[in-house]
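# Structural overview for review
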Amino acid sequence: MPAGMAVAGIAAGAVWAWLAPASHSVVVVNKSGKRFHEYLGKGNEADHYFDSAVMMVGLLVGLAVVSAVLVWQWRQRRGPAMAIALTAGGVALAAAATGTGAGLVRLRYGHTDIGAVAADHKLHYVTEAPAVFFGHTPLQVLTVLLLPAAVAALTYGLMAAASAHDDLGVTPSVPETVA
């Protein structure tokens, strides 16, 4: 099951790389060689860094909920082992999606080094790749990677709590015979 969720993560990463908005900006070099960086557009194009990270988290959470519901349909395997597998699959899903997404936008937009802008040209237009994570600290990356696993486990737990059967409906019900 974690392998299937990882494959879904690869597909989600590819969809995210296609949909996530890039940030357009301009770098201006003044006469003294100092660089000024400003985002273009009516609104602030820098908001696209947040927008793209939210899009990734939304795709991951949606896939986590769908995965939990699909796993719940596998009646004979319901229980704690399936919850553990679902949690591992959620981490695999997030890792595959973020890795694929980051790799594809890197291929699409390349690396942008604003500090390496040549001083001989006064104006440079730059397109920056969308951000996969909300930031680069380990806690921010870990949060995005663990959130789908937590959502999948929570969804699975809620379905288990709402089950009317003590055994979660694993054993088939035997019709009562009238004597």
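See above for the structure.
First, a word on scope: everything that follows refers to the structure included in this document. As the structure is a computational prediction, the values presented were derived from the model and not from experiment.

The secondary structure content of the protein chain amounts to four helices and three strands. Within the span of the protein chain, comprising 179 residues, buried residues form 32% of the whole. For the protein chain, restricting intrachain contacts to residue pairs at least 6 apart in sequence, the fraction spanning at least 24 positions comes to 79%. Of the accessible surface of the protein chain, which amounts to about 10,600 Å², a share of 67% is contributed by carbon and sulfur atoms.

On the surface, Val28, Phe36, Leu40, Leu123 and Tyr125 cluster together into a nonpolar patch covering about 480 Å² of accessible area. Mapped onto the secondary structure, Leu40 falls in the loop between strand E2 (35-39) and helix H2 (47-72). According to the relative accessible area criterion, Leu40 is partly exposed, its value standing at 31%.

This part is about the packing of aromatic side chains. Summed over the entire model, instances satisfying the criterion amount to three aromatic pairs. On the numbers, 5.7 Å between centres and 50° between planes, the contact of Phe50 with Phe134 is tilted. Taken together, the residues Phe50 in helix H2 and Phe134 in the loop between strand E3 (123-128) and helix H4 (138-161) connect sequence positions 84 residues apart. Given a relative accessible area of 40%, Phe134 falls into the partly exposed group. A centroid spacing of 5.4 Å and a plane angle of 75° characterise the contact between Trp72 and Tyr156, whose relative ring orientation is edge-to-face. On the criterion of sequence distance, the pair formed by Trp72 in helix H2 and Tyr156 in helix H4 is long-range, its members being 84 residues apart. Comparing Trp72 with Tyr156, the two get one shared label, buried. Cation over ring: Arg78 sits above Trp72, and NZ or CZ is 3.9 Å from the ring centre.

So, about helix H3 (residues 80-109). Here H3 contains 30 residues, and its C-alpha end-to-end distance of 43 Å stays within 8% of the 44 Å for a straight helix at 1.5 Å per residue. When we look at burial in H3, the residues that qualify are Met82, Leu86, Gly89, Gly90, Leu93, Ala94, Ala96, Ala97, Thr98, Gly101 and Val105. Its buried side turned inward, H3 meets helix H1 (2-19), H2 and H4. One or two positions beyond H3, positive phi appears at Gly110, with a value near 75°.

So, how was this worked out
Residues numbered from 1 in each chain as written. Predicted model: local features only at pLDDT ≥ 70, side-chain atom pairs only at ≥ 80, totals over all residues. Heavy atoms only, no water. Helix = DSSP H or I, 4+ residues; strand = E, 2+ residues; numbered from the N terminus. Buried < 20%, exposed > 50% of the residue type's maximum accessible area, 1.4 Å probe, protein only. Contact = heavy atoms within 4.5 Å. Areas by Shrake-Rupley, 256 points an atom, 1.4 Å probe, with all protein chains shown as cover. Patch = residues over 30% accessible without salt bridge, like charges linked within 9 Å, V, L, I, M, F, W, Y side chains within 5 Å. Salt bridge = Lys/Arg side-chain N within 4 Å of Asp/Glu carboxyl O. Phe/Tyr/Trp six-rings, centres within 6.5 Å; stacked < 30°, edge-to-face > 60°. Lys NZ or Arg CZ within 6 Å of the ring centre and 35° of its normal. Expected span 1.5 Å × (residues − 1).

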